[in-house]
Amino acid sequence: MAVPRKALTVGIDVGGTSLRAAVVDGTGQVRELLRVPTPKSADALDDSLDQAVRTLAARHSIAAVGLAVAGFVSDDRSTVRFAPHLPWLDAPVGVELSARLGLPVILEHDANAALVGEHRFGAAAGGRVVALIAIGTGIGAALLIDGTLYRGAHGIAPELGHLQVVPDGRACPCGKRGCWERYCSGTALARTAGQLLAAEPGGSRTLAHAAADPDSLTGRLVAAAARDGDPIAVAAMRDLAGWLGLGLAGVADMYDPDLVVIGGGVSASAPLFLDDARERYAAALTGAGHRPLARIRAAQLGDAAGMIGAAELARAAHTDG
Ligand SMILES: [Zn+2]
């Protein structure tokens, strides 16, 4: 089914806590946005998606639907293989939703969708080999080469967050230890600040309450304290910047990108860590000083990137040019 360039499409970000659906036009502008809590059962989730698209389609002429999913998606982008925070397992979500709605539906890994959104309309514009590092609870990663998403042999987006950077390091929910995201994420920011506080209980006025209860720390709290100049929080942010730069040097050894875009919730604090990360990256790079450096930029589309990218992918999959 061909979708004209001017048509509207719906992009949906299916996250573990909320489902956000946007009507997006061909210039990447969001015309309307709906947000509902993500239901716990697969049937209820399918119903919510159906309902969200019908609600939007009653007010706009919708040509296709794209879903950005936090999980593994099949090669043909019709089935969710595995999504740790969603009730789908080997679920043919695209085929079923398409049959219910009578519209073309495609699925995409959420980091891939976000990178497509940033490349088409945001910080990744013009990049030839672009890596997206989305730093939130963990790290989501995606790679775009000459305008095409790199999916590997099995359709699984690059899992850069689980590269081991510290042998026998911090335990990771993936089952391994010392994964990059255990040192470079919102979760890591809280953990590092907790460790620094334990070593120096009087070192922070803003975070002092957490000295007795490190679990009460969150990445968001630490980032806010770092913005206010709190010494412990600033040190934790500098630690994150160092790990980011070191990891990016490894990413550059693998893919030699010309552009790296830092997205995810933590990227809202990019001014606090990006310069330090660039410095560490430049120093840690193989052949440092004798090769071009990738530009490292903060994402521009915020948490709408996945929706906008999914809507664009739905348009591209069905467009007639
Ligand atoms: Zn891991």
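No experiment lies behind these values; they were computed from the predicted model shown.

Here is what the cut-offs are and how they apply
Residues numbered from 1 in each chain as written. Predicted model: local features only at pLDDT ≥ 70, side-chain atom pairs only at ≥ 80, totals over all residues. Heavy atoms only, no water. Domains from an automatic or database assignment. Buried area = accessible area lost by both parts, 1.4 Å probe. Salt bridge = Lys/Arg side-chain N within 4 Å of Asp/Glu carboxyl O. Helix = DSSP H or I, 4+ residues; strand = E, 2+ residues; numbered from the N terminus. Nonpolar A, V, L, I, M, F, W, Y, C, P; charged D, E, K, R; others polar. Core = buried A, V, L, I, M, F, W, Y, C linked by side-chain atoms within 4.5 Å. Buried < 20%, exposed > 50% of the residue type's maximum accessible area, 1.4 Å probe, protein only. Phe/Tyr/Trp six-rings, centres within 6.5 Å; stacked < 30°, edge-to-face > 60°.

Chemist: Explain the domain arrangement of the protein chain to me, using residue names and the numbers behind them.
Modeler: Each assigned domain of the protein chain is listed with its residue range as follows: domain 1 (8–117 + 303–318) and domain 2 (125–299). Taking only C-alpha atoms into account, the centre of domain 1 sits 27 Å from that of domain 2. For the domain 1 face of the interface with domain 2, the top three residues by lost area are Phe72, Asn112 and Leu115, together amounting to 50%. Put simply, domain 1 and domain 2 have one salt bridge between them. The shortest N-O distance in the salt bridge between Arg151 and Glu108 comes to 2.3 Å. For the side of domain 1 that touches domain 2, the secondary structure elements donating two or more residues are strand E5 (72–73), strand E8 (105–109) and helix H3 (110–121). Top contributing element to the side of domain 1 that touches domain 2 by residue count: H3, with five residues. In terms of residue class, the side of domain 1 that touches domain 2 is built from six nonpolar, two polar and four charged.

Chemist: Can you tell me about the nonpolar core, naming the residues and giving the values?
Modeler: Membership of the largest hydrophobic core comes to 45 residues, with the highest contact counts inside it found for Ile133, Trp180, Leu244, Leu248, Ile262 and Phe273. Mapped by element, the contributors of at least two residues to this core are strand E9 (129–135), strand E10 (139–145), helix H4 (186–199), helix H5 (219–227), helix H6 (231–255), strand E12 (259–263) and helix H7 (270–284). Broken down by element, this core gets its largest block of residues, 12 residues, from H6. Within the second largest apolar cluster, 29 residues are counted, among which are Val116, Ala124, Ala304 and Met307.

Chemist: I'd like to hear about the packing of aromatic side chains, residue by residue, with values.
Modeler: For the structure on display, the rule yields three aromatic pairs. Consider the rings of Phe72 and Phe82, whose centres lie 6.1 Å apart with planes at 55°: the pair is tilted. Of this pair, Phe72 sits in strand E5 while Phe82 sits in strand E6 (residues 80–82), placing them 10 residues apart in sequence. Measuring from ring centre to ring centre gives 4.8 Å for Tyr183 and Trp243, while their planes differ by 45°; the resulting arrangement is tilted. Within this pair, whereas Tyr183 is found in the loop between strand E11 (148–149) and H4, its partner Trp243 is found in helix H6, the two being separated by 60 residues in sequence.

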